[in-house]
Amino acid sequence: MTSAEPSASATGTAPPGPKLQLRAWQRRALTKYLTQKPKDFLAVATPGAGKTTFGLRIARELLDDRTVDKITVVAPTEHLKHQWAEAAARVGIALDSRFTNAAGQTSSDFHGVVVTYAQVAAHPARHRVRTENYRTLVILDEIHHGGDAKSWGEAIREAFDDAERRLLLTGTPFRSDDSPIPFVTYEPEAGGHQRSKADHTYGYADALKDGVVRPVVFLAYSGEASWRDSAGEEYTARLGEPLSAEHTTRAWRTALDAHGDWIPAVLTAAHTRLGQLRATGTPDAGGLVIATDQTAARDYAELLTAITGKPPTLVLSDDPKSSSRIGQFAASTDEWMVAVRMVSEGVDVPRLAVGVYATSSSTPLFFAQAIGRFVRSRRPGETASVFLPSVPVLLDLAAQMEVERDHVLGKPHRESDGLDDQLLIDANKQQDEPGEDEPTFQSLHADAELDQVIFDGTSFGTATFAGSDEESDYLGLPGLLDADQVRALLRKRQEDQVTARTTAAETPSPTEQPTPGRAPGTTGDNLHALRKELNTLVAMHHHRTGKPHGMVHNELRTRLGGPPTAMASADQLKERIAALREWR
């Protein structure tokens, strides 16, 4: 590091600029930072709480008092590089987000650079030289990525060991492996383990209490799923019930199959909820469907086009225009965006209020980052609604939104705790096409029903079929509610649901027997009966002809027109039933 202090003109040191207004937690953390003047400072704050704002305020303070001359921000993705640069520009800090290792230099007009962890790992010596030449503040955004691979950890340690200051930021649970994260302090605890120590922590529970983030209502959908294995044997299981790991996985994947009935029903429900939010206080509310791979994302986009009449924004990680597509969606009032997993971390679209978790990823790290896209609060009373499969691991994560996790080294039986974040590592690479996974199987059919509503760790409601009046009661919650109002309304909806079912059970219709657990004669009841009859006929046709269930459904739609079964009207279902009865 040079001993002489470079002049402002020679280094591009920012002149005193505008100071960002801070929330209470940011002011407390800033006071702690300026008082202690630490070389390393780890701030853990829930997604949506404002880590970028906090980091830039630290940068502004250190540039203004000449503690540092240059800023280097390290982010997980290319998209986040540009997002950081845009945010910094608003407070008079010019960061070059197009800096390349090949060039190795940037204009003196910039006060620093924004790079990715992969960039640093590709040429750590080049970044070390930049760090040594100037008194540098290094901001390591989502620092858990520093342990993604041994080479990455070694690279950022080599590149930034001589930094004047290092600010470490993260908003999600730490890693599942035993790779120590560079510049993080670990303290010994009972059992010989070591636990990461944050200098300032601001969790979801605190942020919710302060009104910094939105309340999140989870709508969990179950249903019966049928599939055939590679040996030709067929299975049927109910999503969400206790199953073997293999059957849970296959029932889950069958539900997410765009050619079945589960995902169209859930997308329809999510769009209904989005319309309710837009009509009751949040006119620009947006929705995001998180898909597992590109094929599913394209299929979901087609379904949404059929449901809404408008094509959604489609974001794929190998599309060079993906960042601009996200930016355009953020600035618009468009309804839906469909994206592969790469959109889960750090992407800032504050108007996102409805999510569909249509991916098989189940780690706490990925789940927290995905849900973090919907919690950013803009005005009092905004709520977020996330639709997800009724799978035990996801239900548990939804119920534990307020749990804070640290990175623990040496924890035994780690493979069973669900904290493997390899899916996140893969998602941040330019690869999101499906690859080889489990043994071959074929999805046959899955229907959908609203299993339960989860809020603040509590489950509300009892199972009701998609399209029923009871489902509509939950989808129709007002758009602007505080946490207490959400809780009170959900409790009232549940009481009304139980009362209606009790009354219906005591006074059955003389002409028809009610389906157990549901009021007789409702639109939902009739549609469910028609879907069940259609699926029974499809199964019979399959056994007679050998044609897969999905192919039979598609042939019916090709011949008769209309949407997937879950979106079809009673008349359309009756027409398909009649057609099947005539087929030989």
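Because the structure is predicted, anything quoted here is derived from the model rather than measured. (Residues numbered from 1 in each chain as written. Predicted model: local features only at pLDDT ≥ 70, side-chain atom pairs only at ≥ 80, totals over all residues. Heavy atoms only, no water.)

Draft legend 1. Highlighting the overall build of the protein. Each helix and strand in the protein was counted, giving 20 helices and 21 strands. Contacts in the protein between residues at least 24 apart in sequence constitute 75% of all its contacts with a sequence separation of at least 6. Carbon and sulfur atoms make up 50% of the accessible area of the protein, which amounts to about 24,100 Å² in all. (Helix = DSSP H or I, 4+ residues; strand = E, 2+ residues; numbered from the N terminus. Contact = heavy atoms within 4.5 Å. Areas by Shrake-Rupley, 256 points an atom, 1.4 Å probe, with all protein chains shown as cover.)

Draft legend 2. Highlighting the pattern of salt bridges. Inspection of the entire model under this criterion finds 17 salt bridges. Notably, a salt bridge pairs R378 with D284, separated by 2.8 Å at the nearest N-O pair. Of the two residues, R378 is situated in the loop between α13 (364–371) and β16 (384–389) and D284 in the loop between α10 (262–279) and β12 (286–291); the sequence distance between them amounts to 94 residues. Residue classification places R378 among the partly exposed residues on the basis of a relative accessible area of 32%. For D284, a relative accessible area of 18% translates into the label buried. D484 is the partner of R487 in a salt bridge, and the nearest nitrogen-oxygen pair spans 3.0 Å. With R487 and D484 both in helix α17 (residues 483–506), this residue pair falls three residues apart, about one helical turn. The network of salt bridges with common partners includes R214, D284, R378, R379 and E382. (Salt bridge = Lys/Arg side-chain N within 4 Å of Asp/Glu carboxyl O. Buried < 20%, exposed > 50% of the residue type's maximum accessible area, 1.4 Å probe, protein only.)

Draft legend 3. Just the pairing of strand β18 (residues 441–446), in detail. For β18, the buried fraction is high: five of the six residues fall into the buried class. As judged from the five bridges shared by strand β10 (residues 216–229) and β18, these two strands associate in the antiparallel manner. Paired with A225 across the strands is A446, a residue of β18. (Pairing = 2+ DSSP bridges.)

Draft legend 4. Seen up close, the environment of R325. Checked against the element boundaries, R325 lands in helix α12 (residues 322–331). Here R325 falls in the partly exposed class, since its relative accessible area comes to 32%. C-alpha separation for the pair R325 and V315, spaced 10 residues apart in sequence, amounts to 6.8 Å. Setting aside chain neighbours within four positions, we find R325 in contact with T313, L314, V315 and D319.

Draft legend 5. Quick look at the sheet that holds strand β1 (residues 40–45). Taken in spatial order, the seven strands line up as β3-β4-β2-β5-β6-β1-β9 in an open sheet, and their pairing is parallel. The sheet is open, and its two borders are formed by β3 (95–96) and β9 (200–202), each paired with just one other strand. Examined bridge by bridge, strand β2 (residues 70–75) and strand β4 (residues 112–116) share five bridges and lie parallel to one another. The residue bridging V73 from the neighbouring strand is V114, located in β4. Sheet strands in contact with helix α4 (residues 78–89) are β2, β3, β4, β5 (136–141) and β6 (165–170), and its direction is about 155° off that of β4. (Axes fitted to C-alpha atoms, helices over the stretch in contact; angles between N-to-C directions.)

Draft legend 6. Up close: the side chain of H200. Relative to the helices and strands, H200 resides in strand β9. Within the structure, H200 has its side chain in polar contact with the side chain of K32 (distance 3.3 Å). When residues no more than four places from it in sequence are discounted, the contact partners of H200 are W25, R28, A29, K32, F41, L42, A43 and V44. (Polar contact = N/O pair within 3.5 Å; in protein donor to acceptor, adjacent residues only side chain to side chain.)

Draft legend 7. Molecular detail of the nonpolar core. By size, the foremost hydrophobic cluster in this structure holds 120 residues, and its most contacted members are F54, F218, Y221, W262, Y300 and F387. One finds V74, F99, V115 and V120 within the second-largest nonpolar core, a separate group that totals 21 residues. (Core = buried A, V, L, I, M, F, W, Y, C linked by side-chain atoms within 4.5 Å.)

Draft legend 8. Layout of unusual backbone geometry. Unlike most non-glycine residues, R66 shows phi in positive territory, near 65°. Its place among the elements puts R66 in the loop between α3 (51–64) and β2. Positive phi is not limited to glycine here, since E142 has a value of about 50°. With respect to the secondary-structure elements, E142 resides in the loop between β5 and α7 (150–160). E142 gets classed as buried once you look at its relative accessible area, which sits at 7%.

Draft legend 9. The arrangement of the packing of helix α2 (residues 24–36) against α3 in detail. In the contact formed by α2 and α3, the axes pass within 11 Å of each other and the chain directions differ by 35°. Judged by the twist between their axes, the crossing of α2 over α3 is right-handed. Contact residues: α2 offers W25, Q26, A29, L30, Y33 and L34, while α3 offers K51, T53, F54, R57, I58, E61 and L62. Grouping the constituent residues of the contact of α2 with α3 by class yields eight nonpolar, two polar and three charged. (Left-handed = near helix turned anticlockwise from the far one by under 90°. Nonpolar A, V, L, I, M, F, W, Y, C, P; charged D, E, K, R; others polar.)

Draft legend 10. Quick peek at α13. When you tally the buried positions in α13, you get seven out of eight residues, the bulk of the element. Residues of α13 that are buried: P364, L365, F366, F367, Q369, A370 and I371.

Draft legend 11. Just the packing of aromatic side chains, in detail. In total, this model carries nine aromatic pairs according to the counting rule given. On the numbers, 6.1 Å between centres and 65° between planes, the contact of Y357 with F366 is edge-to-face. Each member of the pair, Y357 as well as F366, is classed as buried. Grouped by ring-pair contacts, the aromatic residues W25, Y33, F41, F54 and Y202 constitute a single cluster. (Phe/Tyr/Trp six-rings, centres within 6.5 Å; stacked < 30°, edge-to-face > 60°.)

Draft legend 12. Summary view of the pairing of strand β19 (residues 449–455). With six of its seven residues buried, β19 lies for the most part within the structure. Summarising the sheet, β10 and β19 pair through five bridges and their orientation is antiparallel. Bridging across to β19, S222 finds its partner in E449. Summarising the sheet, β19 and strand β21 (residues 464–465) pair through two bridges and their orientation is antiparallel. Across the sheet, residue L450 finds its bridge partner in β21, namely T464. Sheet analysis places β19 next to strand β20 (residues 458–460), joined by three bridges and oriented antiparallel. Considered in β20, the bridge of I454 is made with S459. Two successive antiparallel strands, β19 and β20, enclose a turn made up of two residues, where D456 displays a positive phi of approximately 55°.

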